[in-house]
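# Geometric and topological summary
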Amino acid sequence: MTALLRRPAALLGLLLVATHLVVAISAPWIAPFAPTSLLDAPLEPPNATYWLGTDDLGRDAFSRLLWGGRVAMLVAFAAGAVAVLGGALLGLFAAHRRGSFDDVLMRLVEMKLAVPTILFVAIFVTGFGQSVPVLIVAVGIIQMMGVVRTTRAAGIVLMEQGYVRAAQLNGESGATIILRELLPNVADLMAVEFALRASSALLLVSALSFLGLGISPPTPDWGLMVEDGMALLESEPALVLAPALCIATLVLGINLAAEGLSDALGLDAARGGGG
Amino acid sequence: MISLVLRRGALSLVTLFLLASFIFFATEVLPGDALDVSLSADEIAMMPPEVLARRRAELGLDRPILERYTSFLGGLLRFDLGRTIITRAPVADIVAMPLRNSVALAGLTLLLALPVALAIAMAAAQAKGRLLDNAVSGAAIIGYSIPEFVTGLLLIAVFAVWWPLFPATITASTDDPLSVLLAAAPLAVATTIIGSIAYLGRILRVGLIEVMAADFVERLHLSGIPRWRILWLHALPAAMIPGLSAAALYAASLVSGVVVVELVFAYPGIGAELVRAVTRREVHVVQAIALAAAVCVVLFNLAADLGIVALDPRTRRS
Amino acid sequence: MIITRRGLAGLALTPLAAAAQTATPRRGGTIIVAQCSANRFVASAQTARHPYFTVDLTTRIPYNALVWVDREMRLQPELATAWAPASADQSVWDITLRPGVRFHDGTPLRAEDVVASYELHRQRNFASGQIQKIEAMADGRVRFTLDAGNSEFPYVLAEYQNMIMPAAPVETIGNTGIGTGPFRFASTDPNRIAVYERNPAYWREGFPYLDRIELHNREGQQETALAGLRSGQFDVVMTIDPRSVRGLQRDADLVVDSGGGGHHYVIQLPKHPGSPFEDKRVRQALALGVDREAIVRLVYGEGNGWVGNDSHLVAADPNFLALPRIPRAEAVARARALLAAAGHPNGINLGTLYWSPQSPEVGRYFQVLQETAREAGLTMALEQRPADGYVQFRTGDNDFSKGSFHRFAMTAVGPRNPGISLFRMRDAFVESGHWRGPQHDAYMALYAQAMREGDAQARSAMFSQMQRILHEEVPALLPAGTMTFSVRRRHVHGFEFHPQIWSVRFDEVWRG
């Protein structure tokens, strides 16, 4: 942790993420207005009452901005957790079992890489509806495949280690080896993966919202606010620029923190970033 | 080497079979079919249910799912992608040109982004930890922290509307020569390149730094070889190996994955065609595009493997 | 910019009367047009010129129908010069064809071409299924025999797919792209581009003015289309979101045209046992509690939309009977009183209203609806569903006897004649929420009577009576609709937009 705090870039990243988190959690108390209420004052320019003005339905843009990261962050962090937990278990199990399970799993991972992301989400959303749990699962599975690859690779290396060999000779069960010997040793990797997956999930969710496949109105959401504000870009640029800036700073913050974390842990952050 | 290629080929066929089946069943279990989505609410309001049932039978949409699955697989074995449901047009005709355009966009992006990413990565690796490295790394992180649709729309606003240097939207035809099409698409290419440089630069930088810290580099250094020479002649090929795999996967994902860029600039590629086919529930077109994207992944991967064999002295010898 | 209102008929007799413009129309030149509305087909190289697969806004560039509906939703002659019922019950219609019309390949238009075209339409077009027989008569007229009386049958002849093509078997008719329209196909890029060139032998003498039209499909991509317009790549962008109108009007180089009343939305109110909408008072409270004027004002902008009357008719229709205007405070009070009488003194939760993004404004539309209904004690959740598979989702098993699993959900309604629009509130159809009872039967009896009534005025009286039944019963909610809009650069003249976006014409467009 101290190693992390000694890096100014990582510190800045943590600060950005923390700020966004605090704002998102406290939005119901600090937002001056309810994010969906129509205030009968459409398209007010920024002023003392409406700090960022109002949109064309007469909703307070500043309040919406404070609320706008909640669902996207929930989806991104939950999807990141799904991806890292599911991916690590699958990857380590494959590393432990090898053989045909491993072969089939790696084919599935390859297959996911071959299915266009948009098609994957569209199938999910059409089949199960456009709700937050569905989005978490869909985005989580997309992000999971990359984690499977990195943790499997790490697991294969660990399987060669003496203490794992010893545990195997002692007749420990597969589950014990995976949970007790392998999992703790990839915890660092998982922490970095979580940050990377969350940031890439956040970008994906805002792109999906932009395409109309993600978070749906009336939920206040940055991606939707950008899409919604585009028609008014010339007259009310703040309605687009403010949420776009929020997405970018949050993703930037997570990435800086991930980079710092992986540097501090001596891991290679960029390698996991694909997929 | 030949056995490696054969083994990879066989495994790839398994992947493609799994993928084809997955796509088939995933698109089949969804509610609605091509007939429903080709009708507006106004039109459905006027059509008696028996007329809809008759049309569905005419279009073969009422056949049992297993029958459709086997005829789909049979078609694939004969390299026949089938026909569209409503217009009975060969799917291959619909998919071919957009696929060419997407491969061209991905190829051009890689061609332009890779050298820049490499140069940036080398500059940063040589100056690891110093101001230049920090600036480059920071710029790269910012580069891929901005959503593509924001970059694209900003480029249009600045370079097409305020300062009309380039066309805002692509008016070239799907089957125009590639030179015409790509000449009309500088802003679309720029949007994909910005993201690509950031991504590739980051991967290559890490690879280079890792290699420069390796034992053999240290030995070369001790034997008096200058640092730039080590970087160019020894570290670069070694660092390219992981970079190449990542770049290949990335390029393959560009073929079908730039939907947002294609929509924002009206680039006639396979991603936009895919979105259209999904919303029109033209299952055969969706299947063909997903398969084409899968073949791209497989081919690019294979190419990267061969490239690694060529670059890596250890595998070349064995 | 004020757009004069006139029909095609007058112009056919007095060509070159582009009255709205003080400048004289100029011959020649090209315009480049983009359009943003959704197109529901995937065309291929073989079908890209077929009237069913070209973008529906542009079918009247290469083709003509027998009849055209003007901006006031009145019938105007196109390839037919006259139409008349040949039976008292309005089930047989005789059509007189315009003489001297030639197809793009030089062959003259014959009754056989109309017969062959309608052999396709009666199998495929949604509104033409009632045609039992089409015959070419000895005197050159065409006779249509229907399965039942339809006093508004000429509207079917104007529908957007029902174009007249040279005779050919049903399987291949229309694929050549040959029509009788003002322009002929020069080249196509399926789903993307169509290029048309002037038809020098067009039957409206002196028209068209332009040499060439290039059409680019930007469905669902309005920002891209408008960027193209601002940067000078496009001359006209059709079907734009009313929200962008204000910004575009500020640009001195651009002119925004309104086509008048466009689409609106119907909200299904399921009336199965246990549904809150079983109680008429709850439906009436909803009709009063939703602030229709706020929807128009906030979602579309003052003057860019219109208040609906809970029937499928659009305000632009001459038969439209507006709801009485009630001050907002009184409407809310009456809605609350109705809810209290129905046993919900503290308001009622209506469950989830499902919506699908069928147009760009739908999300905003239903947020305003939700928020204003809340003021009257009617709360609901909103949930978005993807457009794909939405029909099945909203309709359910569509069988009331099985318990009817249709949903509290919306869908879009296009501007069409009363014969088509008012039929949508029938019990058998999901949009009425399977409305039943004596009032429904009275409504449908009036409908059947109107469809056999030859006199337009008598018919209109019946349509009014039907709308009064809907105002009282509220089987479904149709709160408000939009105008249609297009935007052009100042050098484009003679362009008029249309409430039915598929009825727009390019005959009289010229470039200054």
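Residues numbered from 1 in each chain as written. Chains lettered and ligands numbered in written order. Predicted model: local features only at pLDDT ≥ 70, side-chain atom pairs only at ≥ 80, totals over all residues. Heavy atoms only, no water.

## Topic: the overall build of chain C
A count of helical and extended segments in chain C gives 13 helices and 20 strands. Relative to the 2.2 N^0.38 estimate, which gives 24 Å for 512 residues, the radius of gyration of chain C is 24 Å and therefore close to what a compact globule would have. The dimensions of chain C, computed from C-alpha atoms along their principal axes, are 70 × 55 × 40 Å. Put simply, chain C has 512 residues, and 63% of those count as buried. Residue pairs in contact within chain C that sit at least 24 positions apart in sequence constitute 71% of those at least 6 positions apart. For chain C, the computed accessible surface area is about 17,400 Å², with 51% contributed by carbon and sulfur atoms. Chain C carries 55 positive and 53 negative side-chain charges, and their two centres are separated by 3 Å. (Helix = DSSP H or I, 4+ residues; strand = E, 2+ residues; numbered from the N terminus. Rg over C-alpha atoms; globule rule 2.2 N^0.38 Å. Buried < 20%, exposed > 50% of the residue type's maximum accessible area, 1.4 Å probe, protein only. Contact = heavy atoms within 4.5 Å. Areas by Shrake-Rupley, 256 points an atom, 1.4 Å probe, with all protein chains shown as cover. Lys, Arg positive; Asp, Glu negative; His and termini not counted. Charge placed at Lys NZ, Arg CZ, Asp CG, Glu CD.)

## Quick word on the interface of chain B and chain A
Counting residues at the interface gives 42 residues for chain B and 38 residues for chain A. Interface of chain B and chain A: buried area, both sides summed, is about 3,500 Å²; carbon and sulfur atoms make up 77% of it. Taken together, chain B and chain A are joined by 0 salt bridges. Where chain B meets chain A, there are 0 residue pairs in polar contact (both at pLDDT 80 or more). When contributions to the side of chain B that touches chain A are tallied by element, the ones reaching two or more residues are helix 1 (2-29), helix 7 (131-145), helix 8 (148-162), helix 10 (186-212), helix 12 (227-257), helix 13 (259-265), helix 14 (270-279) and helix 15 (283-311) of chain B. Top element by residues in the side of chain B that touches chain A is helix 1 of chain B. It accounts for 8 residues. Within the side of chain B that touches chain A, the residues separate by chemical class into 34 nonpolar, 4 polar and 4 charged. (Buried area = accessible area lost by both parts, 1.4 Å probe. Salt bridge = Lys/Arg side-chain N within 4 Å of Asp/Glu carboxyl O. Polar contact = N/O pair within 3.5 Å; in protein donor to acceptor, adjacent residues only side chain to side chain. Nonpolar A, V, L, I, M, F, W, Y, C, P; charged D, E, K, R; others polar.)

## Things to note about the interface of chain C and chain B
Contact with chain C, which involves 44 residues of that partner, is made by 46 residues of chain B. Between chain C and chain B, a total of about 3,800 Å² is buried, with carbon and sulfur atoms accounting for 55% of that surface. Where chain C packs against chain B, one counts 1 salt bridge. Close ionic contact of C:Glu219 with B:Arg276 constitutes a salt bridge, the shortest N to O distance being 3.5 Å. Remark: the boundary between chain C and chain B carries 11 residue pairs in polar contact (both at pLDDT 80 or more). If you list the elements that add at least two residues to the side of chain C that touches chain B, you get helix 2 (111-124), helix 4 (222-230), helix 10 (390-395) and strand 16 (410-413) of chain C. The greatest single-element share of the side of chain C that touches chain B, amounting to 4 residues, is contributed by helix 4 of chain C.

## Thoughts on the packing of helix 6 (residues 280-289) of chain C against helix 8 (residues 328-341) of chain C
If you want to describe how two helices pack, look at the angle between their axes and the distance between the axes. Residues and elements named next belong to chain C. Close contact between helix 6 and helix 8 brings their axes to 8 Å; oriented N to C, the two are set at 165°. Considered as vectors, helix 6 and helix 8 are oriented roughly antiparallel to each other. The two elements helix 6 and helix 8 cross, and the hand of that crossing is left-handed. Here helix 6 contributes Arg281, Val282, Gln284, Ala285, Leu288 and Gly289 to the contact with helix 8, which in turn contributes Arg328, Ala331, Arg334, Ala335, Leu338, Leu339 and Ala341. Residue composition of the contact of helix 6 with helix 8, by class: 8 nonpolar, 2 polar and 3 charged. (Axes fitted to C-alpha atoms, helices over the stretch in contact; angles between N-to-C directions. Parallel < 35°, antiparallel > 145°, perpendicular 65-115°, else oblique. Left-handed = near helix turned anticlockwise from the far one by under 90°.)

## Re the packing of aromatic side chains
Here the structure, examined in full by the defined rule, presents 29 aromatic pairs over all chains. Site record: aromatic cluster; members linked through ring pairs are A:Phe120, A:Phe124, A:Phe128 and B:Phe22. Residue placement shows A:Arg70 over the ring face of A:Trp67; its charged tip is 4.9 Å from the ring centre. One cation-aromatic arrangement involves C:Arg204 over C:Phe207; the distance from NZ or CZ to the ring centre is 4.4 Å. (Phe/Tyr/Trp six-rings, centres within 6.5 Å; stacked < 30°, edge-to-face > 60°. Lys NZ or Arg CZ within 6 Å of the ring centre and 35° of its normal.)

## What to know about helix 7 (residues 132-159) of chain A
The first and last C-alpha atoms of helix 7 of chain A sit 38 Å apart over 28 residues, in line with the 40 Å expected at 1.5 Å per residue. If you look at helix 7 of chain A, its biggest bend is around 30°, right at A:Met144. (Expected span 1.5 Å × (residues − 1). Bend = angle between axes of the 7 residues up to and from the residue.)

## Notes on the sheet that holds strand 5 (residues 92-97) of chain C
Residues and elements named next belong to chain C. Ordered in space as 4-5-7-6, the 4 strands form an open sheet in which the pairing is antiparallel. Of all strands in the sheet, those with a lone pairing partner are strand 4 (80-85) and strand 6 (131-136), marking the two edges. Adjacent strand axes in the sheet meet at a mean angle of 20°, parallel and antiparallel pairs treated alike. Across 4 bridges, the pairing between strand 5 and strand 7 (residues 142-146) is antiparallel. (Pairing = 2+ DSSP bridges.)

## Focus on the environment of B:Glu282
Residue and element names in this part refer to chain B. Locating Glu282 in the fold gives a position in the loop between helix 14 and helix 15. Residue class for Glu282 comes out buried when judged on its relative accessible area of 2%. Separated by 191 residues in the primary sequence, Glu282 and Val91 place their C-alpha atoms 9.6 Å from one another.

## Brief notes about the pattern of salt bridges
Residue and element names in this part refer to chain C. Inspection of every chain in the model, using the stated rule, returns 45 salt bridges over all chains. Of the charged contacts, one joins Arg281 and Asp279 as a salt bridge, the two residues approaching to 3.1 Å between their closest N and O atoms. Take Arg281: its relative accessible area is 34%, and that puts it in the partly exposed class. The salt bridge partner of Glu293 is Arg325, with a shortest N-O separation of 3.3 Å. One end of the pair, Glu293, is in helix 7 (residues 292-300); the other, Arg325, is in the loop between strand 13 (305-307) and helix 8, with 32 residues separating them in the sequence.

## A short note on the environment of C:Ile267
When you line up the elements, C:Ile267 lands in strand 12 (residues 254-268). The residues contacting C:Ile267, other than those within four sequence positions of it, are C:Leu353, C:Phe366, C:Leu369, C:Phe408, C:Ala409, C:Met410, C:Ala476, C:Leu477 and C:Pro479.

## Some points on the confidence of the model for chain A
Summary statistics for chain A give a mean pLDDT of 82 and a share of 95% for residues scoring 70 or more. Confidence drops under pLDDT 50 across residues 269-275 of chain A; counting only partners more than four residues distant or on other chains, this segment forms 27 contacts. (pLDDT = per-residue confidence, 0-100.)

## Things to note about the pairing of strand 15 (residues 378-384) of chain C
Residue and element names in this part refer to chain C. Here strand 15 shows one buried face, formed by Leu378, Met380, Leu382 and Gln384, and one open face, formed by Thr379, Ala381 and Glu383. As judged from the 6 bridges shared by strand 14 (residues 348-355) and strand 15, these two strands associate in the parallel manner. In the strand pairing of strand 15, Ile348 is matched with Leu378. Read from strand 14 through helix 9 (residues 362-375) to strand 15, the crossover connection turns out right-handed. (Right-handed = clockwise from strand over helix to strand, strands pointing away.)

## Concerning the packing of helix 6 (residues 91-126) of chain B against helix 14 of chain B
All names here are of chain B. Put simply, helix 6 and helix 14 touch, their axes get as near as 8 Å, and they point 140° apart. In this view, helix 6 runs oblique relative to helix 14, as classed from their interaxial angle. Contact with helix 6, carried on its side by Ile94, Val95, Pro98, Leu99 and Ser102, involves Ile270, Gly271 and Glu273 of helix 14 and no other residues of that element. Residues belonging to the contact of helix 6 with helix 14 are distributed by class as follows: 5 nonpolar, 2 polar and 1 charged.

## A closer look at the nonpolar core
A:Leu119, B:Ile170 and B:Leu208 are the most contacted members of the largest nonpolar core, which totals 142 residues. Element by element, the count of residues in this core is highest for helix 12 of chain B, at 16 residues. Residues B:Met46, C:Ala43, C:Val236 and C:Ile501 belong to the second largest nonpolar core, which totals 101 residues. (Core = buried A, V, L, I, M, F, W, Y, C linked by side-chain atoms within 4.5 Å.)

## Focus: the confidence of the model for chain C
Residue and element names in this part refer to chain C. Overall, the predicted model of chain C reaches an average pLDDT of 89, with 94% of residues at or above 70. Counting interchain partners and residues more than four positions distant, the pLDDT-below-50 stretch residues 1-21 has 38 contacts. We note a pTM of 0.85 for the whole complex and an ipTM of 0.82 for its interfaces.

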